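Listed below are the residues making up each chain.
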Amino acid sequence: MRNQRLNIRLKYEWQCNVHLENSSCYAMTKNISSSGVLVHLLDPLSDIYVGDRCILSLKRGLLLRYDSEVVRVEASNIAFRLLSTAM
């Protein structure tokens, strides 16, 4: 199968938080691109589904917050599309 990604992915391990409507959890980024982030959940979430909207907070010196959408859910890894910077 051909890789259909349009953006270069860079491996980064940054602490982050996933904030859903009724819950939040700690995670670590695995890779990041200009349009998305793959994270590894440190706290399990049983109620996260493709299409869910959330705020993804990345902590690396300064706090970056992004409105995001879940695009893929695997065991402990979640892929997010970055929609916009959240204030």
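Every residue gets a number counted from 1 within its own chain, in the order that chain's sequence is written. pLDDT decides what is reported in this predicted model: residues at 70 or higher carry local features, side-chain atom pairs at 80 or more are listed and counted, and totals for whole chains, interfaces and linings draw on all residues regardless. Computation of side-chain values: all heavy atoms of the structure, hydrogens and water removed.

Attention now goes to the overall build of the protein chain. The numbering of helices and of strands both runs from the N terminus, where a helix is a DSSP run of H or I of at least 4 residues and a strand a run of E of at least 2. Helix and strand counts for the protein chain come out as 0 helices and 7 strands. From first element to last, N terminus to C terminus, the protein chain shows the α and β order β-β-β-β-β-β-β. Buried residues in the protein chain amount to 36% of all 87 residues. A contact between two residues is defined here by any heavy atoms of the two lying within 4.5 Å. Counting only contacts in the protein chain whose residues sit at least 6 apart along the sequence, the fraction spanning at least 24 positions is 39%. The method behind every accessible area is Shrake-Rupley, applied with a 1.4 Å probe, and residues are considered shielded solely by the protein chains displayed. Element-wise, carbon and sulfur atoms account for 50% of the exposed surface of the protein chain, whose accessible area totals about 5,900 Å². Each residue's exposure class comes from its accessible area (1.4 Å probe, protein chains only) as a fraction of the maximum for that residue type: buried when under 20%, exposed when over 50%, partly exposed otherwise.

Residue position: leucine 20 is located in the loop between β2 (15-19) and β3 (24-32). Classification of leucine 20 by relative accessible area gives buried; the value is 14%. In this structure the C-alpha to C-alpha distance between leucine 20 and aspartate 47, which are 27 residues apart in sequence, comes to 9.4 Å. Discounting chain neighbours no more than four positions away, the residues touching leucine 20 are Leu45, Asp47, Ile48, Asp52, Arg53 and Cys54.

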